[in-house]
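Listed below are the residues making up each chain.
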Amino acid sequence: MDPSFVVIIVVVALALIFVPRMLPPRGPTCTRCDGSGQISERWPDPSQEGGWHVAEGSCPRCNGKGRMRS
Ligand SMILES: [Zn+2]
């Protein structure tokens, strides 16, 4: 394989990985996770089993993106 062809493939692959991260995020910040995409919620909730609302991990509101779809 032509070495320059391999370099082009690597550059394109890196661009596909890093360009979306450098672009400004679209949409308003998710209010539930405050843009972090991760939640760690725990507060008393009589309607829940055991009397506590507990939720951790990826934010269900923005699916861990930290931003709402505009
Ligand atoms: Zn969120």
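Above this text sits the structure in question.
Below is a summary of the structure that appears in this document. (Residues numbered from 1 in each chain as written. Predicted model: local features only at pLDDT ≥ 70, side-chain atom pairs only at ≥ 80, totals over all residues.)

Secondary structure summary: the protein contains one helix and two strands in total. The linear arrangement of helices and strands in the protein, starting from the amino end, is α-β-β. Relative to its length of 70 residues, the protein is extended, with a C-alpha radius of gyration of 20 Å against a globular reference of 11 Å. With the C-alpha coordinates of the protein rotated into their principal frame, the extents come out at 65 × 25 × 15 Å. A burial count over the protein gives 6% of its 70 residues as buried. Contacts in the protein between residues at least 24 apart in sequence constitute 52% of all its contacts with a sequence separation of at least 6. (Helix = DSSP H or I, 4+ residues; strand = E, 2+ residues; numbered from the N terminus. Rg over C-alpha atoms; globule rule 2.2 N^0.38 Å. Buried ≥ 20, exposed ≤ 12 C-beta atoms within 10 Å, placed from the backbone. Contact = placed C-beta atoms within 7 Å.)

Here the focus is unusual backbone geometry. For residues that are not glycine, phi is negative in most cases, and the peptide bond is trans in most cases. For Asp-34, which is not glycine, the phi torsion reads 60 degrees and is therefore positive. Relative to the assigned elements, Asp-34 resides in the loop between α1 (3-22) and β1 (38-44). For Asp-34, a count of 12 C-beta atoms within 10 Å translates into the label exposed. One non-glycine residue, Asn-63, adopts positive backbone phi at about 60 degrees.

Time to look at the pairing of strand β2 (residues 52-58). Of all seven residues in β2, zero are buried; the element is thus mostly exposed. Alignment of β1 against β2, held across seven bridges, turns out to be antiparallel. Looking at β2, one finds that Arg-42 is bridged to Val-54. (Pairing = 2+ DSSP bridges.)

The next point concerns the environment of Cys-30. Following the sequence through the fold, Cys-30 ends up in the loop between α1 and β1. On the basis of neighbour count, Cys-30 is assigned to the buried category, with 20 C-beta atoms found within 10 Å. A sequence separation of eleven residues divides Cys-30 from Glu-41, and the C-alpha atoms of the two residues are 15 Å apart. If sequence neighbours within four positions are ignored, Cys-30 has contacts with Gly-35, Cys-59, Arg-61, Cys-62, Gly-66, Arg-67 and Met-68.

Inspection of the secondary structure assignment puts Trp-52 in strand β2. Judged by the 12 C-beta atoms lying within 10 Å of it, Trp-52 falls in the exposed class.

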